[in-house]
Structures are given as C-alpha cells and as structure tokens.
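Architecture and fold: a report
The primary structure of each chain is shown beneath.
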Amino acid sequence: MGRYVIAVGGTGSKVLEAIVYAACADAFSTPGEGPLPALDLLSVDVDASCGNTTRLKRAAEAYEEARAALAASPCEHACFHTRLSISRWSMNLSRRAASVRQMAARHALDGLLARTLFTRAEADLEYSEGFRGHPDLGVLFFADLLGALEDMRAQGQPDELNAMVDRMRADLDRGETVQVLLTGSIFGGTGASGIPAVSRYLRRRFAGDTDRFVMGAVLMLPYYRVPPAGVDTEREIAVSSDEFPDKARTALQYYGMEGMVRNGAEDASGIFDAAYLLGLPPEHFVSARLYSTGSQSQENDAHMLEWLAARCAARFFSTGFRGDEAHNMDCYYYQWHTPHFCWDSFDTDAALYRARYGALMKAAAVYVTECYPALRAFLCDGRRSLGRVGYLAAFFRRSYPASARARLGARLDGVYRFFAFYINWMHQVLHTLPPAFRLPAEGEGNGLMDAATLDALHAALASLGSDTPDEAACRQVQRGLERLVLSPVPDRRDMARVVSALGGGARAGGPDEALAAFLDTLLAAVMEDL
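The following paragraphs examine the structure supplied in this document. (Residues numbered from 1 in each chain as written. Predicted model: local features only at pLDDT ≥ 70, side-chain atom pairs only at ≥ 80, totals over all residues. Heavy atoms only, no water.)

**Observations regarding the packing of aromatic side chains**
The geometry of an aromatic ring pair is captured by the separation of the ring centres together with the interplanar angle, meaning the angle of the planes. The following threshold applies: Aromatic pairs are defined between Phe, Tyr and Trp rings, using the six-membered ring for Trp, whenever the two ring centres lie within 6.5 Å; interplanar angles under 30 degrees are classed as stacked, those over 60 as edge-to-face, and all others as tilted. The secondary structure listing takes helices from DSSP runs of H or I that are at least 4 residues long and strands from runs of E that are at least 2 residues long, numbered from the N terminus. Note on classification: 1.4 Å probe, protein chains only; a residue is buried when its accessible area is under 20% of the maximum for its type, exposed when over 50%, partly exposed between these limits. Geometrically, a lysine NZ or arginine CZ counts as sitting over a ring once it is within 6 Å of the ring centre and also within 35 degrees of the ring normal.
Under the defined criterion, the tally for this structure stands at 34 aromatic pairs. Ring geometry for Y21 against F418: centres 6.0 Å apart, planes inclined by 45 degrees, an arrangement best described as tilted. Highlighted residues: Y21 in helix 1 (residues 9–24) and F418 in helix 14 (residues 402–431), separated in sequence by 397 residues. For F418, a relative accessible area of 1% corresponds to the buried category. The lysine or arginine in question, K14, covers the ring of Y224, its NZ or CZ lying 5.9 Å from the ring centre.

**Description of the sheet that holds strand 7 (residues 213–220)**
Put simply, the test is: At least two DSSP bridges between two strands are required for those strands to pair. Where helices are involved, their axes are fitted lines through C-alpha atoms of the stretch in contact, as for all axes, and angles between N-to-C directions lie from 0 to 180°. Here, two residues are considered to be in contact whenever any of their heavy atoms come within 4.5 Å of each other.
Strand order across the open sheet formed by seven strands is 5-4-1-6-7-9-11, with parallel pairing between neighbours. This sheet does not close on itself; its edge strands, each paired only once, are strand 5 (83–89) and strand 11 (330–333). If you compare each strand with its neighbour and ignore which way they point, the axes differ by 20 degrees on average. In the packing of helix 1 onto the sheet, contacts are made with strand 1 (2–8), strand 4 (38–44), strand 5, strand 6 (178–185) and strand 7, and the angle to strand 1 comes to roughly 140 degrees. Sheet strands in contact with helix 2 (residues 51–71) are strand 4 and strand 5, and its direction is about 155 degrees off that of strand 5.

**Quick notes on the environment of H337**
Residue position: H337 is located in the loop between strand 11 and helix 12 (350–380). Separated by ten residues in the primary sequence, H337 and D347 place their C-alpha atoms 7.8 Å from one another.

**Notes on the side chain of S185**
Tracing the sequence through the fold places S185 in strand 6. Beyond its immediate stretch of four places on either side in the chain, S185 contacts V8, T11, G191, A192, I195 and M220.

**Overview of the nonpolar core**
Rules: Put simply, buried Ala, Val, Leu, Ile, Met, Phe, Trp, Tyr and Cys residues joined by side-chain atoms within 4.5 Å make one nonpolar core.
Among the nonpolar cores identified, the biggest contains 166 residues, and W89, W307, F341, Y357 and Y367 are the most heavily contacted of them. The element best represented in this core is helix 12, accounting for 18 residues. When residues no more than four places from it in sequence are discounted, the contact partners of Y367 are Y372, P373, L375, L412, V415, Y416, F419, L519 and L522.

Set out below in structure tokens:
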C-alpha cells in the first residue's frame, strides 16, 4: 500500500515536522501489522527559502541518519521503524511568471482583470516570497501551475509532483490501495489556495480509481496570533491575525459549495474521504514568539496543535474507508477530554505516546549529556583512557581503521542532530501552550514533561556547541532523569540504572553493528513497558 503526505505552505511544513517525530515514535501503525514501513512526503511551498520548510527537511534527514544507524541491529527494537522519503516541489519557479502582473502581461484582458482585482502591492508580489496570507494570489498561481503539468510531462521536464503521481499510479497498477493526506492551514495564503487546488487535481486525475484511491486532509484552523505588522500596509502586504477567522470561514464555505467530504462510495463530487479540522478559539491563541511572513526568517515555534495534527494523520492511515468501512467517511474534529495538556489528552493512545515519546526524550537526554561526548572522544578523537568507561568497553574496540572512525563519527553526529531537533521541538511545543492548557498550580507547567528538567536539557544542548558546555545543566538533567517524563507511576529508570544497563551490552560484529547494538540497548534501557 502506498501512503503519501502532501504538506502545503509553512504550517503544512510544521505539521510534517511533527509527523517526523510521530514516525520515530512508531505512532504510525496499522492493526495487526505494526509500524508503517514507509511514508512518502512532499513539501509544497512557493517560498523556497521558508525557514519552516528548511527545518523540516533537516529534521527528516537527521531522522533517516539515526534510523540508518539503528538498521544494522539484529535485535528487535522500539521506534525508528518507518522510513521517510521527503522531497520539495520546486514548481519550476525559474521558468514561470514571477508575479500576478507578469502572469497577466501575456494577455491584455488578463492585465485589465488583474488591475481590477488586485492592488499594486498584491500584483507585484513575487511568488518566490510566498503569498503573505493572501489566498486569492495563490489561486491564480496554482491554477496556472497545475494546468501546465501535463505539458511538462510531455516535454520530459522533471517535476516532483508528477513524480509522486507516477508512484501513485504504479501502486494502483500493482493492485494496491493508495492513501493520500494533504495538510496545511486554511487561514493563510499557500495552504488555503494550494490544498483545494491540489486535492481537486488529484481527485480528477484518479477519478477512475476511487475504489482504491483514498484521500484525506488535516486542515488547520486559526490557532495562533501574529505580532502587528510594522510596515506601511498601503505599500506592502502584511498579515493580520484579525483576518484569520474570516479567511478560514471563507475557505470552509468554498469547500462546502461542492461537498468537502464524500457522502459514500458513489459520490463523485466530494473531495475527501475524511477531513480533520483542528483549531482553537481566539481566547486561546498565543502570540508567535518568532514570526515572519516568509523567507528564512519564517521559522516559527512548534505548537501542540501540530502534534495533534500528526495524530490525526496516524488515525487516517490506520482507518479503512471502503467496503464495510465506508461509514468512516466523515468530517472529524479533535475531542478534548482533559482540563490541561497531558498524556491523557491522547486518550486511547496515551500509554503508547507516554512510552514512546517519553523514551525518546530520555534517550535524547542520556545521549546528549553523557554518551555522545564520550563516544566522540573515544571513537573519533582517540582518547583511549575512556576505554575504561563501562558502556564503551562493552560495545566498542579500542581502535578502528580511519575509514571506520570517520563513518562512526558521521553516524554519531546524525543521531545527535536528530535528538537535538526533537529536544528543541518538544521544548517549543510545551513553551507555547496556551495558559488554559497548562497545569493550574504551575504557570509554566504541563502534564507531559518536567518543565525544569526539560529547560535544563535545552540549556545543555545549546551549550554543547560552544567552548564552555553547561556542566551544571547536564548534571541537573542526569539527576532528574527519572522525573523528566511525567507518569502516574514512579519511574525507576534513573541515570545510574540506564548507564548500568548500557554496561551490560556485548560487542556485535563491526563498528556499524556495535553502534546499532549500543543505540538499541539505550532505547531498551529507557523504554516504559506497555
């Protein structure tokens, strides 16, 4: 079965980053089959240098590096099972009109229409800068782009969406079912214009395969507030939070005109087999700490809604929508049953999420504050005296050829990068919680991680790249490891027990196998039983 995710716009990229960590935690599973073997991801954003998209790509690449480091282990292990392949739709922007004005210049009537519908600032905005929250600009762009895909195919021009469509076609020709999920915001520019355009294109493209072509969407409604624009709005396009609800309402009305969700197997006019709506009321919006309308500076903090969106994605891929399960075609919203954000907010998945996401955070804490510096010094920098450290001697020889040391160093760095992305992501999620979702007794508290220990881990991580590592922060993390993940049952897996478990390992083959066995043992040492 082919499983695809198409993320549209900057918010789509943030959801896709949450999907990376969900894949790592084995949150994508099907009943009776275990974790999904693979997900095929496509990022769609005209803003080629968008910081959210860049961070997503780097996080996905780091995940694959860490997954590859574990792949040599002959033992069964939790987490890191789902292979991710990610590409970005380049859209051949260098060969296309750069703005509405340039696009309309080809025909006099189009130019007149453009001058009537758009202000000078809107008409002159270059597509490569994004649509600045204006979906009306994106509608024209995507209509022109999608209309040219077949000509590009006929001319042999490479295109990432065409390539993904070809993979879908190949899956269908093999008799497999194809599941496609689109995600992004419907209150901005790129997502609000791109999701309906791409989804309708795909529905038409595979109109003859509705029995095995399943398409859903996770649509993000407004959930944050942006700072007031410090520009002259008469001359430059600005984004205003006050417009978000109206834009979302307009987008939903647009979908509703033709039927957003299919009414059944015979419904040819509906778009999605399932739609998941996620948002917050305005009184729970938090102001974005770092917000930019586009380019590299658009690297916004992660938010709990994106984590919930990843869970909706997992639910879509584990649900059937054909035959006896056709009754699952519907529009869904997230039902919240807890007074604050905690593991029980994931209801039926609470135990799995606490065990997997929690174990990943504890493994990250041990690796970052203890193992990575020692492994690097021993295996790559030749500090032989560290060979007396129990968990090093248990897995690794005192010396390896230069090529093996270089490969080990690259893999150690890859695991470190992934854990660094994960720590930063979780830290952002918990620090951007709306006040109403925090623990009432603690202004900065949450029901998932100990705030003080997580802050110390974040500080330790930030200092490791400097000449003066924060040893006090590292010690605080190690002393509080058993308290890091909040649980109704006391966690006895403290730092001493975890390091002791690592010391009980055994050498396994060459250096790649040794590192895989070490990482496998680390995950087992911090993993909560389900």
